[in-house]
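Each chain is listed here by its residues.
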Amino acid sequence: MLAVVIAATAAYTAAGWSVWDAFYFVIITIYTVGYGETQPIHGFELRSITILTIILGCTGVIYLTGALVQAFTYAQIQQLVGTKKMKTQIDKMSGHVIICGYGRIGEALAEELAAGGIEFVIVDMDEARLNSAADRGFTTWVGDATSEDVLKEIGVERARALATVVPNDAVNVFITLTARSLNKDLEIIARGVLPNTKGKLLHAGASSVVEPTHIGAERIAQLILFPRTARLTDGTSRMRALAAGLHSLGLDVEVVAAGPETGLAGITIAEAEAQGHGTRFVVAINRRNGETLTRPDPATLIEPGDGVVMITRAGRSAPRQT
């Protein structure tokens, strides 16, 4: 189109017209407005230029318009098909997990669930974030998770768990209230940003509250205190797969500091396991001097400050420091 406009304008200018008259006449001719001829068109040369301008210009406009309509229509069809495909996938889900919010924590959570082979759907109002999640193969849904209709669309009544990890405590409280009203048996894990929000989330119906800052501090302390045994609970794909396999059997892996608060210091491994009444099994000990004991003898004495790696029954945690 640009080439046609330039060439036609140059041709009329070469025939004696002013540049402005030539350009104006080319535009009204191409777009078939037809206000009238700015200069008389006589002779074979001017009429030939006009005929070519009409043919090439109108053809170009038709092609350009068709391309634009095709682009807009394709985008709309693609969006419609994508939405229906996602809805079909969600309708087939049962016992899945719902992730509300796809920020830093939501993204990390989705990766962990995907590594564990868990079905989940991500709901967020930010389409750009969801497009990024969809590109990674995650099931997504655009909407406000505080809305009952949106939660019903993504199968909250069939879900086994919901994680609300929006970086806004008020929104997390509202999502928790809404989800609990729709599914009384739903496991709801809520993110708490401020320390005083935990009680509000629990009162709203959350099964448990996670404080990322507190968990991060615990992990750093674990790496400082027990650098060797900490690798048994690190975030590598191999350990995630191991953790997922254990969890499928109803088991968890924990590293606990032996001290007066946990009641583990000064007793043998056999006695520590006996205290759990069959809910814990010691697999390794990291001594304060750096020595690591794997598959320790049941008669081994647990000393104060040792890091004790335990396999415990899910839901019946090993003793923790207060």
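Reading the values: rules and limits
Residues numbered from 1 in each chain as written. Predicted model: local features only at pLDDT ≥ 70, side-chain atom pairs only at ≥ 80, totals over all residues. Heavy atoms only, no water. Helix = DSSP H or I, 4+ residues; strand = E, 2+ residues; numbered from the N terminus. Contact = heavy atoms within 4.5 Å. Polar contact = N/O pair within 3.5 Å; in protein donor to acceptor, adjacent residues only side chain to side chain. Axes fitted to C-alpha atoms, helices over the stretch in contact; angles between N-to-C directions. Parallel < 35°, antiparallel > 145°, perpendicular 65-115°, else oblique. Left-handed = near helix turned anticlockwise from the far one by under 90°. Nonpolar A, V, L, I, M, F, W, Y, C, P; charged D, E, K, R; others polar. Salt bridge = Lys/Arg side-chain N within 4 Å of Asp/Glu carboxyl O. Buried < 20%, exposed > 50% of the residue type's maximum accessible area, 1.4 Å probe, protein only. Pairing = 2+ DSSP bridges. pLDDT = per-residue confidence, 0-100.

**Concerning the environment of Glu148**
Argument step 1. Note on placement: Glu148 falls in helix 6 (residues 148-153).
Argument step 2. Not counting residues within four places of it along the chain, the set of residues in contact with Glu148 comprises Thr178, Ser181 and Leu182.

**Things to note about the side chain of Thr176**
Argument step 1. Relative to the helices and strands, Thr176 is located in helix 7 (residues 169-182).
Argument step 2. Of the polar contacts made by the side chain of Thr176, one reaches the backbone oxygen of Asn172; its length is 2.7 Å.
Argument step 3. Those residues in contact with Thr176 that lie beyond four places of it in its chain are Thr164, Ile188, Ala190, Leu201, Ala204, Gly205 and Ala206.

**Regarding the packing of helix 1 (residues 2-14) against helix 2 (residues 19-30)**
Argument step 1. The N-to-C vectors of helix 1 and helix 2 enclose an angle of 135°; their axes lie 8 Å apart at closest approach. Judged by the inter-axis angle, helix 1 sits oblique to helix 2. Note that helix 1 runs across helix 2; the crossing there is right-handed. Contact with helix 1, carried on its side by Val4, Val5, Ala8, Thr9, Tyr12 and Thr13, involves Val19, Ala22, Phe23, Phe25, Val26, Ile27 and Ile30 of helix 2 and no other residues of that element.
Argument step 2. Among the residues making up the contact of helix 1 with helix 2, the classes are represented as 11 nonpolar, 2 polar and no charged.

**Quick notes on the pattern of salt bridges**
Argument step 1. Applying the stated criterion to the full structure yields 6 salt bridges.
Argument step 2. Of the charged contacts, one joins Arg129 and Asp126 as a salt bridge, the two residues approaching to 3.7 Å between their closest N and O atoms.
Argument step 3. Of the residues examined, Arg129 reaches a relative accessible area of 39% and is grouped as partly exposed.
Argument step 4. Using a relative accessible area of 30% as the deciding quantity, one classes Asp126 as partly exposed.
Argument step 5. If you follow the salt bridges from partner to partner, you end up with Lys87, Asp91 and Glu153 in one network.

**Here we look at the side chain of Thr164**
Argument step 1. You can see Thr164 is positioned in strand 4 (residues 161-164).
Argument step 2. Side-chain polar atoms of Thr164 contact the side chain of Asn172, separated by 2.5 Å.
Argument step 3. When residues no more than four places from it in sequence are discounted, the contact partners of Thr164 are Cys100, Asn172, Ile175, Thr176, Ile189, Ala190 and Arg191.

**Side note on the sheet that holds strand 1 (residues 97-100)**
Argument step 1. Strand order across the open sheet formed by 6 strands is 3-2-1-4-5-6, with parallel pairing between neighbours. In the strand order of this sheet, the two ends are held by strand 3 (139-142) and strand 6 (208-210), each with one partner. On average, each strand axis in the sheet is inclined to that of its neighbour by 20°, with strand direction left out of account.
Argument step 2. For strand 4 and strand 5 (residues 187-191), the ladder comprises 4 bridges, and the chain directions are parallel.

**Some words on the confidence of the model for the chain**
Argument step 1. Residues at a pLDDT of 70 or more form 82% of the chain, whose mean pLDDT is 82.
Argument step 2. Summarising per-element confidence for the chain, the mean pLDDT is lowest in helix 10 (residues 237-248) (57) and highest in strand 1 (95).

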